[in-house]
4 protein chains.
Amino acid sequence: PDIQSAGDRRNLPIQRVGVKGVRHPVLIRTVDGGTQPSVATFDMFVALPSDVKGTHMSRFVEILEAHAGVPLDPATLRGMFDRMLERLGAQRGEIALTFTYFMRKTAPVSGVSSLMDYEASFHVTGRVGAPAQVHMALQVPVTSLCPCSREISNYGAHNQRSHLTLKIETKAPMHLDDIVRVAESSASCELWGLLKRPDEKYVTERAYDNPKFVEDLVRDVALALRSDARVDAFTVESENFESIHNHSAYARIDFVRGA
Amino acid sequence: PDIQSAGDRRNLPIQRVGVKGVRHPVLIRTVDGGTQPSVATFDMFVALPSDVKGTHMSRFVEILEAHAGVPLDPATLRGMFDRMLERLGAQRGEIALTFTYFMRKTAPVSGVSSLMDYEASFHVTGRVGAPAQVHMALQVPVTSLCPCSREISNYGAHNQRSHLTLKIETKAPMHLDDIVRVAESSASCELWGLLKRPDEKYVTERAYDNPKFVEDLVRDVALALRSDARVDAFTVESENFESIHNHSAYARIDFVRGA
Amino acid sequence: PDIQSAGDRRNLPIQRVGVKGVRHPVLIRTVDGGTQPSVATFDMFVALPSDVKGTHMSRFVEILEAHAGVPLDPATLRGMFDRMLERLGAQRGEIALTFTYFMRKTAPVSGVSSLMDYEASFHVTGRVGAPAQVHMALQVPVTSLCPCSREISNYGAHNQRSHLTLKIETKAPMHLDDIVRVAESSASCELWGLLKRPDEKYVTERAYDNPKFVEDLVRDVALALRSDARVDAFTVESENFESIHNHSAYARIDFVRGA
Amino acid sequence: PDIQSAGDRRNLPIQRVGVKGVRHPVLIRTVDGGTQPSVATFDMFVALPSDVKGTHMSRFVEILEAHAGVPLDPATLRGMFDRMLERLGAQRGEIALTFTYFMRKTAPVSGVSSLMDYEASFHVTGRVGAPAQVHMALQVPVTSLCPCSREISNYGAHNQRSHLTLKIETKAPMHLDDIVRVAESSASCELWGLLKRPDEKYVTERAYDNPKFVEDLVRDVALALRSDARVDAFTVESENFESIHNHSAYARIDFVRGA
């Protein structure tokens, strides 16, 4: 008996049904055309009409298995998404995946090389008969240094790690690396995995020379994204893990071009 | 020099700015008019016009301090919200608080009494000159038992803990206890902190007698909320921590009355 | 049939068996003899001899229920522990509870008052026929400012939030407040929930005047605890959430008096 | 000025100092001699004598960078560990890394293939002049079905996901796959990423045919490890996320051969 395909009389469509928290190895397409292996956590949902009792949970994982080894980028994610709608017989759906993304960076003075890690995600949404939309999001850890603290103090200024989170819809291709660069260049200072003594002098002084409130962080990111014609819409958040409090300062800007 | 009040030329309003993750003791108004102490985590934000450089972070915590000891319910939260807009000179804002809420429950056969814990939250949004809206959300842990597993197996059926999360907008007062009851009565079986042997027999058989897919859980909650005239809009989610997989089954219904 | 009390032939004693992650409201005895409500997460375990098949899980929660409303301090926790061994017929056991603890603090210049939150825990271990031992642990968030960054830079110095975690065995009573004070006075600067402008100047300059490596933080706490005759043994850890990296600096000292 | 190498007069050795929470891509050596890419979180510590002021934090990350691309197994981890002691001029140290490990599994009836994910870790400890010890730990999610619930109920039995965590010291090589197999074969039933209908019947009935208390889970794992001559010592824990409560049942056995 195929219980899931039976009818349903409650007259309630379900906007999202599927699997959540599926961990799977992935290959992420890098900006130079290569790939980077990572481990992703997937959510995969479809819409269920009011007259259908249930979806077929095992097919979501089959789709993941069928795409094992495929380098993931917006084009291949659209392919995976279309395949999901087809296999599930669904009109609409959603795929979200979150993973750690690494970029190699060079320390600002010594030039030593090291990796930085970012939490990245792709978010695919759409419906049958139209190309799916792929949004990207990145959480970029940076330094923020408080302008007020610097202004009022005879010496020093409190600073801290902040998380800049950018969610972006584009009309033309952008890569994760582009988004990292926008975030890092808008902070008081960017971070590195490995810094030698002259680098530490540099980042200390650079942060002091670029004090930013949490409001400045999100506005400076927003300025850069607003002036980038590829970007249709974005949300930028900053959470500053204040070094003088046990809570965060937070700001968020939402922007839709033409709105 | 009051840097925060200086002008700003980037022409970018900020939709939300304030403090995040502030932990504070709270008193929650209970359904019988008493209070229940808990520990809440607050986010408090206001909107910032494009021509203002920064908000005044310390005033958010002052407002929390000023409301210490005030039993929290929709009316007092609206008062706190209005005070926040006033003190921050803001047109719009948002207060969200999350806390553990306890209800005393009686085991179904033995009648022994114990507490159950729920993650609850209040979400206050609004603007100057209109009453703020207060939404409630509750995460209610329940048992779900798989109808397909029961149907196809000669004996047994896989079951697991599920999290039902209900977010509700109301036009007339509802209490957290009412929402818990809707969720628990829609599950294969509800949970208790303390069960004796005859209770364990009861809950085992009750779950087996009420098999529900993740789709059924959200639909049965949605049916109950749709038929409650106090409810204007709701979202109901279920995450089933499958006992046969290492991922969750998930479903979500969004509903707006009259939409 | 009482399956749990049946014999077991595998010849394997179990060092810990019981319940984990039970959330319960608690009253914590404060230093002035009053009480502070909080929400605790309990782990409660007993040892099971090799010839007994199982413990009685519901009795652990019954003991929590029986102690509802009892202000918790080392003496009452020993009472709860003894009751647990008795009710479970056990020779040894363990109770651990973790909760948010608040202290009222006064800002250093303005004198404004606000709460600070700390993650606290009590850990009770022992056996039949001897008084149970009660250890305390506290996670105290503080500011650390890097001496090297200050030394090599023309201006500024990177600083960040750090978590000092102190676990303490005492031969004479100490209160949570005493432990907080040791931690906060050993940091570059302590934190407050609410600071006005002159306070922010104070904390900025104070941190700059008291640069500390992660090694200094744990050594300065250790110095204070070693010189306190009430303390028999301790562990002190510091995790510095570096503002120039996306990882932490960490140090730990373990000390047993007379070892 | 090399502040870190300056002397220190507090007469307090530091047992562990270094970096915590460093995320880095890794290659894990698989049982067939191949490699599996993953993302690991590293903690790297050394002991610091009482007369030395500080360690050199950047060298830890340099060691990670120097081992990029080296397939990790006990032998290569010992090499990394020895290099760390040498570069830091330390007598003792510790490296811990945690990562997601995948195994390909075949569904029990349909034979469909899918991946299962496990949280794995290696823990390297030692001192100068002796081979470092490498312990392995694995968190293996499984199904547990309650014998009491089955016994007292006319039909059904509550079951749930459980986490079996095994930490193992060996005198002869064992692979992560061996440890997974011990855990999965000791449960009421193992988990798969992908199950078809006949598989779901199989796992439902298999769990019902193999009811296990949390005490049975840890004893059955312990029996298997005790009888394996390669194993010198182990800890096995089970946390059962009870489907009838909002807390866990928990048990733990510690074993040292010859103790």
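Each value, and the rule that gives it
Residues numbered from 1 in each chain as written. Chains lettered and ligands numbered in written order. Predicted model: local features only at pLDDT ≥ 70, side-chain atom pairs only at ≥ 80, totals over all residues. Heavy atoms only, no water. Helix = DSSP H or I, 4+ residues; strand = E, 2+ residues; numbered from the N terminus. Buried < 20%, exposed > 50% of the residue type's maximum accessible area, 1.4 Å probe, protein only. Contact = heavy atoms within 4.5 Å. Areas by Shrake-Rupley, 256 points an atom, 1.4 Å probe, with all protein chains shown as cover. Lys, Arg positive; Asp, Glu negative; His and termini not counted. Charge placed at Lys NZ, Arg CZ, Asp CG, Glu CD. Phe/Tyr/Trp six-rings, centres within 6.5 Å; stacked < 30°, edge-to-face > 60°. Least-squares fit on C-alpha atoms with pLDDT ≥ 70 in both. Buried area = accessible area lost by both parts, 1.4 Å probe. Salt bridge = Lys/Arg side-chain N within 4 Å of Asp/Glu carboxyl O. Polar contact = N/O pair within 3.5 Å; in protein donor to acceptor, adjacent residues only side chain to side chain. Nonpolar A, V, L, I, M, F, W, Y, C, P; charged D, E, K, R; others polar. Pairing = 2+ DSSP bridges. Axes fitted to C-alpha atoms, helices over the stretch in contact; angles between N-to-C directions. Left-handed = near helix turned anticlockwise from the far one by under 90°. pLDDT = per-residue confidence, 0-100.

1. A short note on the overall build of chain A
Turning to step 1, where the next piece is worked out: Within chain A, the secondary structure is distributed over 6 helices and 10 strands.
Turning to step 2, where the next piece is worked out: Once the C-alpha set of chain A is aligned to its principal axes, its extents read approximately 75 × 35 × 35 Å.
Turning to step 3, where the next piece is worked out: Evaluated residue by residue, chain A yields a buried proportion of 61% over its 259 residues.
Turning to step 4, where the next piece is worked out: Excluding contacts between residues fewer than 6 apart, the proportion of contacts in chain A whose partners are at least 24 apart in sequence is 63%.
Turning to step 5, where the next piece is worked out: Taken as a whole, chain A presents about 9300 Å² of accessible surface, with 50% of it coming from carbon and sulfur.
Turning to step 6, where the next piece is worked out: The positive charge centre, built from 30 side chains, and the negative charge centre, built from 32, are 3 Å apart in chain A.

2. So, the packing of aromatic side chains
Residue and element names in this part refer to chain D.
Turning to step 1, where the next piece is worked out: All told, the structure shown has 16 aromatic pairs over all chains when counted by the stated rule.
Turning to step 2, where the next piece is worked out: Between the aromatic rings of Phe234 and Phe255, the centroid separation amounts to 4.9 Å while the plane-to-plane angle is 20°, which identifies the pairing as stacked. With Phe234 in strand β8 (residues 231-240) and Phe255 in strand β9 (residues 248-256), this pair connects stretches of sequence that are 21 residues apart. Residues Phe234 and Phe255 agree in their burial class; the two are buried.

3. Details of the relation of the copies chain D and chain A
Turning to step 1, where the next piece is worked out: Superposing chain D onto chain A requires a rotation of 180° together with a translation of 0.0 Å along the rotation axis, leaving an RMSD of 0.0 Å. Taken together, the rotation and translation describe the operation of a two-fold axis.
Turning to step 2, where the next piece is worked out: By residue overlap, the copies meet face to face through one surface: 100% of the interface positions of chain D are interface positions in chain A.

4. Quick word on the interface of chain B and chain A
Turning to step 1, where the next piece is worked out: With 50 residues of chain B in contact, the opposing surface of chain A contributes 50 residues.
Turning to step 2, where the next piece is worked out: Both faces considered, chain B and chain A share a buried interface measuring about 4100 Å² in area, 57% of it formed by carbon and sulfur atoms.
Turning to step 3, where the next piece is worked out: Sorting the residues of chain B by area buried against chain A places Arg10, Leu12 and Arg219 of chain B first, and these three jointly supply 18% of that buried surface.
Turning to step 4, where the next piece is worked out: Where chain B packs against chain A, one counts 10 salt bridges.
Turning to step 5, where the next piece is worked out: For Arg10 of chain A, the salt bridge is made with Asp216 of chain B, and the minimal N-O distance between the two is 2.6 Å.
Turning to step 6, where the next piece is worked out: Counting every contact that joins chain B to chain A gives 32 residue pairs in polar contact (both at pLDDT 80 or more).
Turning to step 7, where the next piece is worked out: Broken down by secondary-structure element, the contributors of at least two residues to the side of chain B that touches chain A are β1 (14-29), β2 (35-48), α1 (57-66), α3 (147-152), α6 (214-226) and β10 (248-256) of chain B.
Turning to step 8, where the next piece is worked out: Looking at the side of chain B that touches chain A residue by residue, the class counts come to 25 nonpolar, 11 polar and 14 charged.
Turning to step 9, where the next piece is worked out: The pairing of strand β1 (residues 14-29) of chain A with β10 of chain B spans 5 bridges and is antiparallel. Within the sheet, the bridge partner assigned to Val17 of chain A lies in β10 of chain B and is Ala251 of chain B.

5. Here we look at the environment of Asp177 of chain B
Residue and element names in this part refer to chain B.
Turning to step 1, where the next piece is worked out: With respect to the helices and strands, Asp177 occurs in helix α4 (residues 176-185).
Turning to step 2, where the next piece is worked out: Distance from Asp177 to Phe102, taken between C-alpha atoms, is 9.5 Å for residues 75 residues apart in sequence.
Turning to step 3, where the next piece is worked out: Once residues within four sequence positions are removed from consideration, Asp177 is found in contact with Val31, Tyr101 and Met103.

6. Re the packing of α1 of chain B against helix α2 (residues 74-88) of chain B
All names here are of chain B.
Turning to step 1, where the next piece is worked out: Interaxial distance between α1 and α2 falls to 10 Å at its minimum, and their mutual angle equals 145°. By crossing handedness, the relation of α1 to α2 is classed as right-handed. Contacts from Arg59, Phe60, Glu62, Ile63 and Leu64 of α1 reach α2 at Met80, Arg83, Met84, Arg87 and Leu88.

7. So, the relation of the copies chain B and chain A
Turning to step 1, where the next piece is worked out: With an RMSD of 0.0 Å, the fit of chain B onto chain A corresponds to turning through 180° and sliding 0.0 Å along the axis.
Turning to step 2, where the next piece is worked out: Looking at the interface residues of chain B, 100% of them are also at the interface in chain A, so both copies use one shared face.

8. Structural notes on the interface of chain D and chain A
Turning to step 1, where the next piece is worked out: Each partner contributes to the interface: chain D provides 28 residues, whereas chain A provides 28 residues.
Turning to step 2, where the next piece is worked out: Of the roughly 2200 Å² buried where chain D meets chain A, counting both sides, 52% is carbon and sulfur surface.
Turning to step 3, where the next piece is worked out: For chain D, the biggest contributors to the area lost against chain A are Arg23, Glu65 and Arg197 of chain D; these three give 25% of the whole.
Turning to step 4, where the next piece is worked out: With its nearest N and O atoms 2.4 Å apart, the salt bridge here joins Arg23 of chain A to Glu119 of chain D.
Turning to step 5, where the next piece is worked out: Linking chain D with chain A are 14 residue pairs in polar contact (both at pLDDT 80 or more).
Turning to step 6, where the next piece is worked out: Mapped by element, the contributors of at least two residues to the side of chain D that touches chain A are β1 (14-29), β2 (35-48), α1 (57-66), β3 (92-106) and β4 (113-127) of chain D.

9. Looking at the environment of Pro108 of chain D
All names here are of chain D.
Turning to step 1, where the next piece is worked out: Mapped onto the secondary structure, Pro108 falls in the loop between β3 and β4.
Turning to step 2, where the next piece is worked out: Considering only alpha carbons, one finds Pro108 and Trp192, 84 residues apart in sequence, at a separation of 9.1 Å.
Turning to step 3, where the next piece is worked out: Look past the residues within four positions of Pro108 in its chain and what remains in contact with it is Trp192, Leu195, Asp199, Tyr202 and Val203.

10. What about the side chain of Gln160 of chain B?
Turning to step 1, where the next piece is worked out: Looking at the secondary structure, you find Gln160 of chain B in strand β7 (residues 159-170).
Turning to step 2, where the next piece is worked out: A polar contact of 3.2 Å, which involves the side chain of Gln160 of chain B, links it to the side chain of His158 of chain B.
Turning to step 3, where the next piece is worked out: Only 2.9 Å separates the side chain of Gln160 of chain B from the backbone nitrogen of Ser243 of chain B, close enough to count as a polar contact.
Turning to step 4, where the next piece is worked out: Apart from residues lying up to four places away in sequence, Gln160 of chain B is in contact with Val142, Thr143, Ser144, Asn240, Phe241, Glu242 and Ser243 of chain B together with Asn159 and Ser243 of chain D.

11. Points about the pairing of strand β4 (residues 92-106) of chain C
Residues and elements named next belong to chain C.
Turning to step 1, where the next piece is worked out: Of all 15 residues in β4, 11 are buried, a share of seventy percent or more.
Turning to step 2, where the next piece is worked out: The pairing of strand β2 (residues 35-48) with β4 spans 7 bridges and is antiparallel. Bridging from a neighbouring strand, Asp43 pairs with Ala96 of β4.

12. What to know about the confidence of the model for chain A
Turning to step 1, where the next piece is worked out: Of all residues in chain A, 98% have pLDDT values of 70 or greater, and the mean over the chain is 96.
Turning to step 2, where the next piece is worked out: Scoring the predicted complex yields pTM 0.96 and, for the interface, ipTM 0.96.

13. Structural notes on helix α4 (residues 176-185) of chain C
Turning to step 1, where the next piece is worked out: Judged by how many residues are buried, α4 of chain C sits mostly within the fold: 7 of 10 residues are covered.
Turning to step 2, where the next piece is worked out: Buried residues of α4 of chain C: Leu176, Asp177, Ile179, Val180, Val182, Ala183 and Glu184 of chain C, and no others.

14. Some thoughts on the pairing of strand β2 (residues 35-48) of chain A
Turning to step 1, where the next piece is worked out: Among the 14 residues in β2 of chain A, 11 count as buried, and that is most of the element.
Turning to step 2, where the next piece is worked out: In sequence, β1 of chain A turns back onto β2 of chain A through a hairpin of 5 residues, with Gly33 of chain A there showing a positive phi of about 90°.

15. Structural notes on the pattern of salt bridges
Turning to step 1, where the next piece is worked out: Summed over all chains, the structure comprises 99 salt bridges over all chains.
Turning to step 2, where the next piece is worked out: The salt bridge partner of Asp178 of chain B is Arg230 of chain B, with a shortest N-O separation of 3.7 Å. Residue Asp178 of chain B is located in helix α4, and its partner Arg230 of chain B is located in the loop between α6 and β9 (231-240); the two are separated by 52 residues in the primary sequence.
Turning to step 3, where the next piece is worked out: Residues Glu190 of chain D and Lys105 of chain D are paired through a salt bridge, measuring 2.6 Å at the closest nitrogen-oxygen approach. A residue pair is termed long-range when its members are at least 10 positions apart, and Glu190 of chain D in strand β7 (residues 189-190) and Lys105 of chain D in strand β3 qualify at 85 residues.
Turning to step 4, where the next piece is worked out: For Lys105 of chain D, a relative accessible area of 8% translates into the label buried.

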